[in-house]
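# Reading the structure
Now for the letters of each chain:
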Amino acid sequence: MALLEIRDLHLHMRSFDGEAHVLNGIDLTVDRGEIWGIVGETGCGKSLTGLSVSRLVPTPPARYARGAIRLDGEDLLAADEKRLRALRGRRIGMIFQDPTTNLNPVFRVGEQLLDVALHAGRSDPSLLGLAPGASGRALKRAARELSLAMLDRVGIPNPAARLDDYPHQFSGGMKQRVLIAMALIGRPDLLIADEPTTALDVSVQAQILRLIHELVREHQLGVMFITHNLGVVAQLCSHVAVMYAGNVVEAGPVRDVLKSPRHPYTNALLAALPTAGTARGALQGLAGTVPSLLTPPPGCRFFNRCPRGEPGCTAATPPLVGPEGGHRVACPVVLR
Amino acid sequence: MIRYILRRLLLLVPVLVGLSMLVFTIARLLPGDPVRLAAGPNATPADIASVAKEFGLDRPLLAQYWDYATGLLRGDWGVSIFSRRPVLEDLSTYLPATLELVLAAMILAVAIGIPAGLMAAVYRDRWPDFLSRAVSLGAISMPRFFLGLLFQLGFAMWLGWLPLSGRFPLTEDPPSAITGLLTIDALLSGNFHALGIALQHLALPAIAMSLSPLATITRMMRASTIEVLQQDYVTTERALGLSRGKILFKYVLKNAVSATLTVIGLYFGWLLGGTVLVETVFDWPGLGLYATQAVLTQDFMPIIGVTLCIGTLFVLVNLLVDLVYGLLNPRVRLR
Ligand SMILES: Nc1ncnc2c1ncn2[C@@H]1O[C@H](COP(=O)(O)OP(=O)(O)OP(=O)(O)O)[C@@H](O)[C@H]1O
Ligand SMILES: [Mg+2]
């Protein structure tokens, strides 16, 4: 059984102008040890897909119209808040984009970490090396020790002295390390990282990526790594899913997809990537715009920008076709 | 921290000197002649001159100010022209009454306003929010003295639950004076009978006084909570499984309160200077009544004394607010 299965997920978002069909049948399977890069242009639904797994998208205004999200076979769309809370931080860890805004500015770093450790430890005392029914005191002491060990593991120098510091006393990279520690302290199986390095400068980015890579290998995590940076995908990820306007249009092992992209959108995305040899002014963009999600056109949502579009493309949303776990494409034209 | 407090307290000196000069000058430049008023309608010019001489009012203004300022340092705050009682003595009976009233009102406003604002934000656009908004609007748009009259009508005259007015009945023994705040004195001396009586008298004026700060604090708290709830760290806290209660009452509350704190401090000072109407309606023997009396008779020693008193309290309350703000907000360095 796969760790995470997202099947035909449809998410509608209510707004003043009507209901936007924001996710339009997402299909994604993430297994333990796999790092899935999720790429696609801004607004295509990457973050909402990630947040949906933890069920952090507020409903309303959002509404899950169809589909399923399963974690080890358990249907998360049917889970109640209590069950979800038991999964968050414990089975599913999350890291977000801006480390400066994701730590609470008025609490000590150690206290924030400790609360997450306590939450995880209460649902599973063995995490803290305790037997079930351990006293609150023992729980607290063990959680503190685990917090220290975790800070040490993510590379915070002299962690014991830094537990009592406030977030503003850390640099951006150090804050992201703290947030990674918070996300992983409950030993989750699945990590959702939403552009975790975008807000950091380049040298720090590399360190954080290395850290994530090490931790993922160490704990055999399944990862959804949301990013705009195809270079990062090539280095870090084992698989990649390319999204466009609420659909996964191409997915598979990172080599196959990046080396021999098949979907016209993936091709355009890779062509837009500047390489060392690109001449000045020769950057290729993609003509046209994303269709309105409020009144999406029938069929393939990429049709209006697609160089290979055919009249048949507007009939129905093309499904992802290809071997399970292999290179899959949602475009009947290129598959012919 | 200690140095910060000392420095802020030292700043009180220029503030008070400036304030006293200002009030001293204004009080003396007002039209009308307090000496003539004090001497009585049938006083001869000789009588008036002797009253003026008695209070040193025949000397140049600068000399008068100098006498006053040096007197202040010796604990001599001047004498009322009318009652001929020392101002300091009067202040020490009226100030605690007002302080008790304002403190009670602020405690009510904070204790209800903060949770009400938090809940209104959490249940935004649902019935708890509508209820709190309706109450705030009503409380803010209704004049305090009018509310006071309504309360008297409802709770004292119709229902008979609470006394109509006054601070403490003459027929009862007051608690031994320690701080001058009757409720606190009663608590300190373990006199629960007196505590009950004091609270009964305090209830209506304090509630009448608390409504407008309550409304403002609720609205500020609602706005700042809504803002805090949208912060990224709240998403992170939820994503990592912290309970709703822990997020709201620990992580969100502390952030939202620190934004509301400034308003609380300002309101405190504002109430101190704005007790007159409520004190009049409830016949509460406080600073507001005393000051009004002094202004109407141009009795300037009490006017200056009251102003200095309120000014000092205002500065102290703001210092306290800044200290609490520093405690709540680690990024603020108190130096
Ligand atoms: N709370 C919301 N209310 C209404 N629309 C929303 C809301 N959140 C997201 N959307 C819409 O849903 C779509 C997908 O948003 P999402 O944040 O998932 O994009 P994204 O792929 O993560 O983009 P980016 O790369 O900029 O982070 C966007 O068109 C966005 O406008
Ligand atoms: Mg996003």
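Scoring rules and cut-offs
- Residues numbered from 1 in each chain as written.
- Chains lettered and ligands numbered in written order.
- Predicted model: local features only at pLDDT ≥ 70, side-chain atom pairs only at ≥ 80, totals over all residues.
- Heavy atoms only, no water.
- Contact = heavy atoms within 4.5 Å.
- Buried area = accessible area lost by both parts, 1.4 Å probe.
- Salt bridge = Lys/Arg side-chain N within 4 Å of Asp/Glu carboxyl O.
- Polar contact = N/O pair within 3.5 Å; in protein donor to acceptor, adjacent residues only side chain to side chain.
- Helix = DSSP H or I, 4+ residues; strand = E, 2+ residues; numbered from the N terminus.
- Buried < 20%, exposed > 50% of the residue type's maximum accessible area, 1.4 Å probe, protein only.
- 1 Å grid on protein atoms, 1.4 Å probe; cavity = no way out; pocket = protein on both sides within 12 Å on 5 of 7 lines; lining within 4 Å.
- Points joined across faces, edges and corners; volume = space filled by probe spheres on them.
- Nonpolar A, V, L, I, M, F, W, Y, C, P; charged D, E, K, R; others polar.
- Pairing = 2+ DSSP bridges.
- Axes fitted to C-alpha atoms, helices over the stretch in contact; angles between N-to-C directions.
- Near = heavy atom within 4 Å.
- Areas by Shrake-Rupley, 256 points an atom, 1.4 Å probe, with all protein chains shown as cover.
- UniProt positions renumbered as here; feature names shortened; annotations may be inferred.
- Domains from an automatic or database assignment.

A few words on the interface of chain A and chain B. Listed as interface residues are 27 residues of chain A and, on the opposing side, 21 residues of chain B. Considering only the side of chain A, the residues that lose the most area to chain B are Val106, Phe107 and Asp115 of chain A, jointly responsible for 24% of the buried surface there. On inspection of chain A and its partner chain B, the count reaches 3 salt bridges. The closest approach of N and O atoms between aspartate 115 of chain A and lysine 250 of chain B, which form a salt bridge, is 2.7 Å. Counting every contact that joins chain A to chain B gives 14 residue pairs in polar contact (both at pLDDT 80 or more). Here the side of chain A that touches chain B takes 5 residues from helix α4 (residues 109-123) of chain A, the largest share from any one element.

On to the environment of leucine 316 of chain B, then. Residues and elements named next belong to chain B. Within the secondary structure, leucine 316 sits in helix α14 (residues 300-328). On the basis of relative accessibility, which here comes to 34%, the residue leucine 316 falls in the partly exposed class. In this structure leucine 316 touches Leu9 and Leu12, once residues within four positions along its chain are discounted.

Here the focus is the pattern of salt bridges. Residues and elements named next belong to chain A. Throughout the structure, instances matching the rule amount to 25 salt bridges over all chains. Salt-bridge contacts for arginine 305 lead to glutamate 41; the nearest nitrogen and oxygen are separated by 2.9 Å. Residue arginine 305 is found in the loop between α11 (264-271) and β11 (328-329), and its partner glutamate 41 is found in the loop between β3 (35-39) and α1 (46-53); the two are separated by 264 residues along the sequence. With relative accessibility at 10%, the residue arginine 305 sits in the buried group.

On to empty space enclosed by the protein, then. Residue and element names in this part refer to chain A. All chains considered together, the criterion is met by 3 cavities of 30 Å³ or more. Of the pockets and cavities examined, the largest cavity occupies roughly 70 Å³. Lining the largest cavity we find His263, Cys300, Phe302, Phe303, Cys306, Gly309, Cys313, Pro318, Ala330, Cys331 and Pro332. Considering only residue class, the lining of the largest cavity consists of 9 nonpolar, 2 polar and no charged.

Let's shift gears to the sheet that holds strand β4 (residues 62-71) of chain A. All names here are of chain A. Strands sit in the order β2-β1-β4-β5 across an open sheet of 4 strands; the sheet is antiparallel. Bordering the open sheet on either side are β2 (18-30) and β5 (74-75), each of which pairs with just one other strand. In this sheet, β2 lies alongside strand β1 (residues 4-15) in antiparallel orientation, the contact comprising 10 bridges. Within β2, the position partnered with leucine 11 by the bridge is leucine 23. Sitting on the sheet, α1 touches β1, β2 and β4, and the angle it makes with β1 is about 115°.

Okay, the site of ligand 1 next. Residue and element names in this part refer to chain A. Around ligand 1, the surrounding shell consists of Met13, Val22, Thr42, Gly43, Cys44, Gly45, Lys46, Ser47, Leu48, Glu195 and His228. The backbone of glycine 45 places a nitrogen or oxygen atom 3.0 Å from an oxygen atom of ligand 1. Glutamate 195 is positioned with one of its side-chain polar atoms (N or O) 3.4 Å from an oxygen atom of ligand 1. Bound to the protein, ligand 1 loses 62% of the 640 Å² it would expose on its own. Sort the elements by how many residues they give to the shell around ligand 1 and α1 lands first, with 3 residues.

It is worth spelling out the UniProt feature "transmembrane region" (unreviewed entry) in chain B at this point. All names here are of chain B. The sites that carry the UniProt feature "transmembrane region" (unreviewed entry) are, in the present numbering, residues 9-30, 101-123, 144-164, 192-212, 256-282 and 302-328. The span residues 9-30 is 95% helical and 0% strand by assignment, and the distance between its end C-alpha atoms comes to 32 Å. Across residues 256-282, the secondary structure splits into 89% helix and 0% strand, with the terminal C-alpha atoms separated by 35 Å.

Residue and element names in this part refer to chain B. Along its sequence, chain B is carved into domain 1 (2-74) and domain 2 (87-328). Using only C-alpha atoms to locate each centre, domain 1 and domain 2 end up separated by 32 Å. Taken together, the contact pairs 22 residues of domain 1 with 17 residues of domain 2. Counting across the domain 1 and domain 2 interface gives 1 salt bridge. The tally of links from domain 1 across to domain 2 stands at 1 residue pair in polar contact (both at pLDDT 80 or more). Listing elements by their share of the side of domain 1 that touches domain 2, those giving two or more residues are α1 (2-29), α2 (34-39) and α4 (61-73). Tallying contributions element by element places α1 first for the side of domain 1 that touches domain 2, with 13 residues. Its residues assigned to classes, the side of domain 1 that touches domain 2 shows 17 nonpolar, 2 polar and 3 charged.

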